[in-house]
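Secondary and tertiary structure notes
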Amino acid sequence: MQHSKEHIFPTIIRRFRFDNDEIKPLLDEVMEKKQKIKDVSYYYNGTISDNYFTDYKKPVKFREYEILIDKIITEYKKDNFLFNLNYYWTAIYGKGSRHDPHHHRSISENYSSILYLNNYGETTFLSPNHTGEYDYYKEKAEVGKLVIFPADLWHYVEYQGLGERIIISSNFSIQGY
């Protein structure tokens, strides 16, 4: 008897790690603008939350984030891919906060990312293959790690840590040629 196993539709995620010298300017910029993110979150969400803030509806811009993304764009260009950052926003999680299962699928964006700005918490990705060996995968937060994943990959966060978990998420399109 012969037996084989083949993954025919694997889900690929890519990880980029920025070292301390690369990530520190962004960390400083985020700390300078953290209260603005919280203020925007309150204004656009209509309620005060003691433990979750996001500027999703009106993102605070970070020059240092865009510099880091330019480094990633350069890497993709080396492999003849077009990479277009469409939108990014910040989320700050306190103890007991959560972001229910969701995806970022849209017509104009086929990939999303999470940049972890500290070592708190994890992101749980749900398997798109209901007959696969695993139902979920947990990506641990590590300061300076950016994870790129398909925009239609469902994921969520349940945060129970004591410190604030801070991330920058983005949506973009990547096209090969």
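Residues numbered from 1 in each chain as written. Predicted model: local features only at pLDDT ≥ 70, side-chain atom pairs only at ≥ 80, totals over all residues. Heavy atoms only, no water.

**So, the side chain of serine 170**
For the record, the criterion: Numbered from the N terminus, helices here are DSSP runs of H or I no shorter than four residues, and strands are runs of E no shorter than two. We call two N or O atoms a polar contact when they sit within 3.5 Å, provided that within protein one can donate a hydrogen and the other can accept it, with sequence-adjacent residues counted only if both atoms are side-chain atoms. Should any heavy atoms of two residues lie within 4.5 Å, those residues are counted as being in contact.
Here serine 170 shows up in strand S10 (residues 165-176). Polar contacts involving the side chain of serine 170 include one to the side chain of tyrosine 65, which spans 3.1 Å. There is a polar contact of 2.4 Å between the side chain of serine 170 and the side chain of serine 113. Setting aside residues no more than four positions away along its own chain, serine 170 makes contact with Tyr65, Leu85, Tyr87, Tyr88, Trp89, Tyr111, Ser112 and Ser113.

**Examining the sheet that holds strand S7 (residues 136-140)**
Two strands in a sheet stick together by hydrogen bonds in their backbones, pointing the same way (parallel) or opposite ways (antiparallel). Our working rule: Note on pairing: two strands pair once DSSP finds at least 2 bridges between them. To get an axis, fit a line to the C-alpha atoms, keeping to the stretch in contact for a helix; angles then go from 0 to 180 degrees between the N-to-C directions.
Read across the open sheet, the four strands follow the order S4-S9-S6-S7; overall the sheet is antiparallel. This sheet does not close on itself; its edge strands, each paired only once, are strand S4 (98-102) and S7. Direction aside, neighbouring strands of the sheet carry axes that sit 25° apart on average. Of the strand pairs in this sheet, S4 and strand S9 (residues 155-158) are connected by three bridges, and their pairing is antiparallel. Note that in S9 the partner of histidine 102 across the bridge is histidine 155.

**Observations concerning the nonpolar core**
Worth spelling out the cut-off: By nonpolar core is meant a set of buried Ala, Val, Leu, Ile, Met, Phe, Trp, Tyr and Cys residues that side-chain atoms within 4.5 Å join together. In this scheme, a residue with accessible area under 20% of its type's maximum is buried, one over 50% is exposed, and one in between is partly exposed, where area comes from a 1.4 Å probe on protein chains only.
Ranked by size, the top nonpolar core spans 26 residues in total, and within it Leu26 and Leu115 carry the most contacts. In terms of residue count, helix H2 (residues 63-78) provides more of this core than any other element does, six residues in total. Sequence-distant contacts of leucine 26, defined by excluding residues within four places in its chain, comprise Phe62, Glu64, Tyr65, Leu68, Leu115, Leu117 and Ile168. One finds Phe125, Val147, Phe149 and Tyr159 within the second-largest nonpolar core, a separate group that totals 13 residues.

**Details of the sheet that holds strand S3 (residues 81-93)**
With respect to topology, six strands assemble into an open sheet ordered S1-S8-S5-S10-S3-S2, the strand pairing being antiparallel. Of all strands in the sheet, those bounded by a partner on one side alone are strand S1 (14-17) and strand S2 (52-54). When strand polarity is set aside, the average angle formed by the axes of neighbouring strands in this sheet is 25°. Where S1 and strand S8 (residues 145-150) come together, four bridges link them in antiparallel fashion. Residue pairing for S8: arginine 15 is matched across the bridge by valine 147.

**Observations regarding the environment of lysine 58**
As for its position among the elements, lysine 58 is in the loop between S2 and H2. In this structure the C-alpha to C-alpha distance between lysine 58 and threonine 90, which are 32 residues apart in sequence, comes to 10.0 Å.

**Topic: H2**
Where we set the bar: For a helix, the expected span equals 1.5 Å multiplied by the number of residues minus one.
Counted at 1.5 Å a residue, the expected span for H2 with its 16 residues is 22 Å, and the 23 Å between its end C-alpha atoms agrees. For H2, the set of buried residues is Glu64, Tyr65, Leu68, Ile69, Ile72, Ile73 and Tyr76.

**Overview of the confidence of the model for the protein chain**
The criterion, for reference: Confidence of the predictor at the level of single residues is given by pLDDT, which spans 0 to 100.
Averaged over every residue, the pLDDT of the protein chain is 92; residues scoring 70 or more account for 95%. Here S4 stands out as the element of the protein chain with the lowest mean pLDDT, 91, in contrast to strand S5 (residues 111-116), whose mean of 98 is the highest.

**Some words on unusual backbone geometry**
Non-glycine residue asparagine 80 carries a positive phi angle of around 65°. Mapping asparagine 80 onto the fold places it in the loop between H2 and S3. Take asparagine 80: its relative accessible area is 41%, and that puts it in the partly exposed class.

**As for the side chain of glutamate 29**
The topology assignment puts glutamate 29 in helix H1 (residues 20-45). Beyond its immediate sequence surroundings of up to four residues, glutamate 29 is in contact with Lys61, Phe62, Arg63, Glu64 and Tyr65.

**Thoughts on the packing of aromatic side chains**
Within a pair of aromatic rings, the relevant descriptors are the distance that separates the centres and the angle that separates the planes. Keep this limit in mind: Aromatic rings from Phe, Tyr and Trp, with only the six-membered ring used for Trp, were paired whenever their centres fell within 6.5 Å, and each pair was classed as stacked if the ring planes differed by under 30 degrees, edge-to-face if by over 60, and tilted otherwise. For a Lys NZ or an Arg CZ to count as sitting over a ring, it must be within 6 Å of the ring centre and within 35 degrees of the ring normal.
According to the stated counting rule, one finds 10 aromatic pairs in the structure shown. Through pairs of rings, three or more aromatic residues link up here, namely Phe16, Tyr76, Phe81, Phe83 and Phe172. Here arginine 14 stacks its cationic end above the ring of tyrosine 76, 4.6 Å away from the centre of that ring. Taking the ring centre of tyrosine 88 as reference, the NZ or CZ of lysine 61 above it sits at 4.7 Å.

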